[in-house]
Amino acid sequence: MNTFRSAFKTAPVCDASMMLLACLVMVGCQSERPRPMSPNLPPPPEFVAAPGVCMSSRIHFALRQRISLPLLEEMRMRAGAYMARAVLPDDPPLPFRADRLLVDVEPNGRVVAARCG
């Protein structure tokens, strides 16, 4: 019987602490926070899709250079192609794609020509 009374004596303290915890949680959820986007910020950049029209005449700067991924990407961007691929002389022919830049590379890694297809 002693334990029964002690449970009732501590119950109001537990209820009060639970109510205080619930109030703190509710206040934390409803506090005003600054909005991440405000009208004073500039708009996000707009991304432009690749035009998909390959113009291989724009990549003469790369002739006789050693092929690398950064060079191939710069050639692709300057040509306006959607994709670029380095091709060795003994590679099998690929199906035609007007938005692809094909870069002819010697076995030693030097760029010798470029064409669309």
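What you see is a predicted model, and the numbers here were worked out from it, not measured in a lab.

### As for the state of the cysteines
What we call a disulfide is simply a covalent bond connecting the sulfur atoms of a pair of cysteines.
So, step 1. Applying the stated criterion across every chain yields a total of one disulfide.
So, step 2. Two residues share a disulfide in this structure: C54 and C116, whose sulfurs sit 2.0 Å from each other. Between C54 and C116, the disulfide has an S-S torsion of -80° and is therefore left-handed. Of this pair, C54 sits in the loop between helix 1 (2-29) and helix 2 (69-79) while C116 is found in strand 3 (residues 111-116), placing the two residues 62 residues apart along the sequence.

### A closer look at the sheet that holds strand 3
So, step 1. Spatial strand order, 1-2-3: three strands in an open sheet with mixed pairing. Each edge of the open sheet is held by one strand with a lone partner, namely strand 1 (83-87) and strand 3. This sheet shows a mean twist of 20° between the axes of neighbouring strands, independent of strand direction.
So, step 2. Bridge count between strand 2 (residues 100-105) and strand 3: five bridges; the pairing is antiparallel. The residue of strand 3 that forms the bridge with D104 is A113.

### Observations concerning the packing of aromatic side chains
So, step 1. The tally for this structure, following the rule as stated, stands at zero aromatic pairs.
So, step 2. Lying across the ring of F61, R78 places its NZ or CZ 3.8 Å from the centre.

Cut-offs and rules
- Residues numbered from 1 in each chain as written.
- Predicted model: local features only at pLDDT ≥ 70, side-chain atom pairs only at ≥ 80, totals over all residues.
- Heavy atoms only, no water.
- Disulfide = S-S within 2.5 Å.
- Helix = DSSP H or I, 4+ residues; strand = E, 2+ residues; numbered from the N terminus.
- Pairing = 2+ DSSP bridges.
- Axes fitted to C-alpha atoms, helices over the stretch in contact; angles between N-to-C directions.
- Phe/Tyr/Trp six-rings, centres within 6.5 Å; stacked < 30°, edge-to-face > 60°.
- Lys NZ or Arg CZ within 6 Å of the ring centre and 35° of its normal.

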